[in-house]
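# A look at the structure
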Amino acid sequence: MVVLHRCYPISIKALEENGYGVGMVQGERVYVNQALPQEAGTVRIVKKRKDGYVGEMVRWKHQNANRVKSPCAIYDRCGSCHLLHCRYEAQLALKKEQLQRWVKQASLSLRVHDVVGMEVPYAYRNKVIIGFERDRRGRIRAGFYEEFSHRIIPYQRCLLHDEEMDRIVGTMVHLMEKQRIEPYEEARRKGLLRHVILRRSSLNGDVMVILVVNAMVFPGCHHFVSALRQAHPAIRTVVMNVNTRHTSVVLGERGRVVYGNGWIEDELCGYRYRISAKSFFQINHAQCEVLYGKALSLLKLSGNETVLDTYCGIGTIGMSVADRVKQVIGVENNRDAVQDAAMNAKRNQVKNIRFVCADAGEYMRKAAQRGDIVDVIIMDPPRSGSTKEFMDACAKLKVAQILYISCDPRTQLRDLAYFRRLGYVAKEMYPVDMFAHTGHVETVVLMSRVEGK
């Protein structure tokens, strides 16, 4: 029996999806932060979780040769990165090994290719979310949430952010103190400013600021925004989002534009996109182009295909393939994203694509009932993966090719196993390191329908 706060010897055998080292203690799984495979030592058990325990290494017996000193000052407390203590090239190799292990566990025959990494794996995030609080001395501080808690870890510079975004956060803290804007206090459900979300365009450096507030009225908003813009001319639009719910979900349902037009513009794979406050856009621009390029290269196209781009967001991958097929239909349940997608198609003069606001599974079910002709399906679902309703509809439509892009390979592999029972085979998995220094990896797989199924 494993006892909390007691120390045990442990050997780290593998990494899990969040970058924790995994070992066994008395038959129980123990997840150890900042531990790498082939390491051993003494672990102290600090927390129980559903599938085991969380531990911290208190003494090393042996360390991995790829271990390095983290360049981040708050790495030991911040919950955002998990692999800064590992040489980057080794991170890529560990992610590949992890994928191969999961493929084997899923009983699938997939060749896992090398993970495509970044030339410079820093400053890649074009979107950041920052929280605020007062410290014990009453000073406002901004930062990230400490792992397993809602406590703020203050920061001045994040290695994964563009420097301008960090400077904007610093200015906001100064203005909050000056204008007496209270940060939201979760325990008491008091205070005004809950979060700020920043988006920055790789096209021109334009910044969108989303102020998430705990009230319908933001006293002094005009003066706050004016001072912020004066300090940072790159800010092109500011949106106020209202979230009064007692929830960990960042954005609320209501919002309004307080400066600018409510969106910024970015470029991806040769097309320009309008991005609004609630629209999804990949956080790593350079690696997204790598991912989409690989994904579309896998498709076998004659030019006469009807493509269904499901979970399409603002239409990025659907528009990227539009000039190679007959028509594209994008399906997305986020109404704001659909509006952006339609505008993006119009501005880029892509005339053979249209968008439908609907749940992907429900749309597929109705398409199967109608007997729609669909040659290719592109799917990029959320981390939870797809649904049986969606996959059953793919089989009923007898779609020849299904291109599956995923930010969670474990749910993707679960879905691939179900697709296999429906008559679809996949032979290769292509991983791209979209989230350097974290345990996550993006993967793309092409499935083909077996004749006769």
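Conventions we followed
Residues numbered from 1 in each chain as written. Predicted model: local features only at pLDDT ≥ 70, side-chain atom pairs only at ≥ 80, totals over all residues. Heavy atoms only, no water. Helix = DSSP H or I, 4+ residues; strand = E, 2+ residues; numbered from the N terminus. Expected span 1.5 Å × (residues − 1). Salt bridge = Lys/Arg side-chain N within 4 Å of Asp/Glu carboxyl O. Buried < 20%, exposed > 50% of the residue type's maximum accessible area, 1.4 Å probe, protein only. Axes fitted to C-alpha atoms, helices over the stretch in contact; angles between N-to-C directions. Left-handed = near helix turned anticlockwise from the far one by under 90°. Contact = heavy atoms within 4.5 Å. Nonpolar A, V, L, I, M, F, W, Y, C, P; charged D, E, K, R; others polar. Pairing = 2+ DSSP bridges. Lys, Arg positive; Asp, Glu negative; His and termini not counted. Core = buried A, V, L, I, M, F, W, Y, C linked by side-chain atoms within 4.5 Å. Phe/Tyr/Trp six-rings, centres within 6.5 Å; stacked < 30°, edge-to-face > 60°. Lys NZ or Arg CZ within 6 Å of the ring centre and 35° of its normal. Right-handed = clockwise from strand over helix to strand, strands pointing away.

## Description of helix H9 (residues 409–421)
Over its 13 residues, H9 extends 19 Å from the first C-alpha to the last, a length consistent with the 18 Å expected when each residue adds 1.5 Å. Phi for Gly423, located one or two positions after H9, is positive at around 100°.

## Points about the pattern of salt bridges
Overall, the coordinates contain 28 salt bridges when judged by the stated rule. One salt bridge connects Glu362 with Lys366, and the closest N-O pair in it is separated by 3.7 Å. In this pair, Glu362 and Lys366 both sit in helix H7 (residues 360–370), four residues apart, roughly one turn of the helix. A salt bridge links Asp408 to Arg383; the shortest N-O distance between them is 3.7 Å. Of this pair, Asp408 sits in the loop between strand E21 (401–406) and H9 while Arg383 sits in the loop between strand E20 (376–379) and helix H8 (388–397), placing them 25 residues apart in sequence. Judged by relative accessible area, Asp408 falls into the buried class, the value being 13%. Since its relative accessible area comes to 36%, Arg383 is described here as partly exposed.

## Quick notes on the packing of helix H2 (residues 163–179) against helix H3 (residues 221–231)
For the pair H2 and H3, the least separation of the axes is 10 Å and the interaxial angle reads 145°. Crossing of H2 over H3 shows right-handed handedness. On H3, the residues touching Ile168, Thr171, Met172, Leu175, Met176 and Gln179 of H2 are His223, Phe224, Ala227, Leu228 and Ala231. Of the residues contributing to the contact of H2 with H3, the split by class is eight nonpolar, three polar and no charged.

## Side note on the sheet that holds strand E6 (residues 52–62)
Ordered by their spatial adjacency, six strands build an open sheet running E1-E5-E6-E4-E3-E2, and the pairing between neighbours is mixed. Where the open sheet ends on each side, the last strands, each with one partner, are strand E1 (7–11) and strand E2 (14–15). Strand direction decides the pairing type here: strand E4 (residues 28–32) and E6, joined by three bridges, are parallel. For Tyr31, the partnering residue across the bridge sits in E6 and is Val54.

## Here we look at the side chain of Arg199
Take Arg199: it is sitting in strand E11 (residues 193–200). Of the side chains with opposite charge, Asp340 lies nearest to the buried Arg199, which makes no salt bridge, at 7.6 Å.

## As for the nonpolar core
Leu211 and Phe224 are the most contacted members of the largest nonpolar core, which totals 132 residues. What Phe224 contacts, discounting residues up to four positions off in sequence, is Met172, Leu175, Met176, Gln179, Ile181, Leu211 and Phe218. Core analysis: the second largest hydrophobic core is formed by twelve residues, Val2, Tyr8, Ile10 and Tyr53 among them.

## A closer look at the packing of aromatic side chains
By the definition in use, this model includes five aromatic pairs. Ring centres of Phe419 and Tyr424 lie 5.9 Å apart, and the angle between their planes is 80°; on these two criteria the pair is classed as edge-to-face. The residues Phe419 and Tyr424 share a single accessibility class, namely buried. Positioned above the aromatic ring of Tyr31 is the side chain of Arg49, whose terminal nitrogen or guanidinium carbon lies 3.6 Å from the ring centre. Just above the ring of Tyr363 sits the side chain of Arg370; from NZ or CZ to the centre is 5.7 Å.

## Brief notes about the pairing of strand E18 (residues 327–332)
Counting buried residues along E18, five of its six residues qualify, which places the element largely inside the surrounding structure. As paired strands, strand E17 (residues 306–310) and E18 are joined by five bridges and run parallel to one another. What sits directly across from Leu308, in E18, is Ile329. This β-α-β element, E17 to helix H5 (residues 316–322) to E18, shows right-handed connectivity. Considered for its hand, the β-α-β crossover made up of E18, helix H6 (residues 335–347) and strand E19 (residues 353–357) is right-handed.

## Overview of the sheet that holds E11
Reading across the sheet, the seven strands line up as E10-E9-E8-E11-E12-E13-E14 and stay open at both edges, with mixed pairing between neighbours. Each of the sheet's edge strands pairs with one partner strand only, and the pair in question is strand E10 (152–154) and strand E14 (254–259). Across the sheet, the mean angle separating the axes of adjacent strands is 35° when strand polarity is ignored. As paired strands, strand E8 (residues 127–134) and strand E9 (residues 140–145) are joined by four bridges and run antiparallel to one another. If you follow Phe132 over to E9, its bridge partner there is Ala142. Here H2 sits on the sheet in contact with E8, E9, E11, strand E12 (207–213) and strand E13 (235–242), set at roughly 150° to E11. Here H3 sits on the sheet in contact with E12, E13 and E14, set at roughly 55° to E14.

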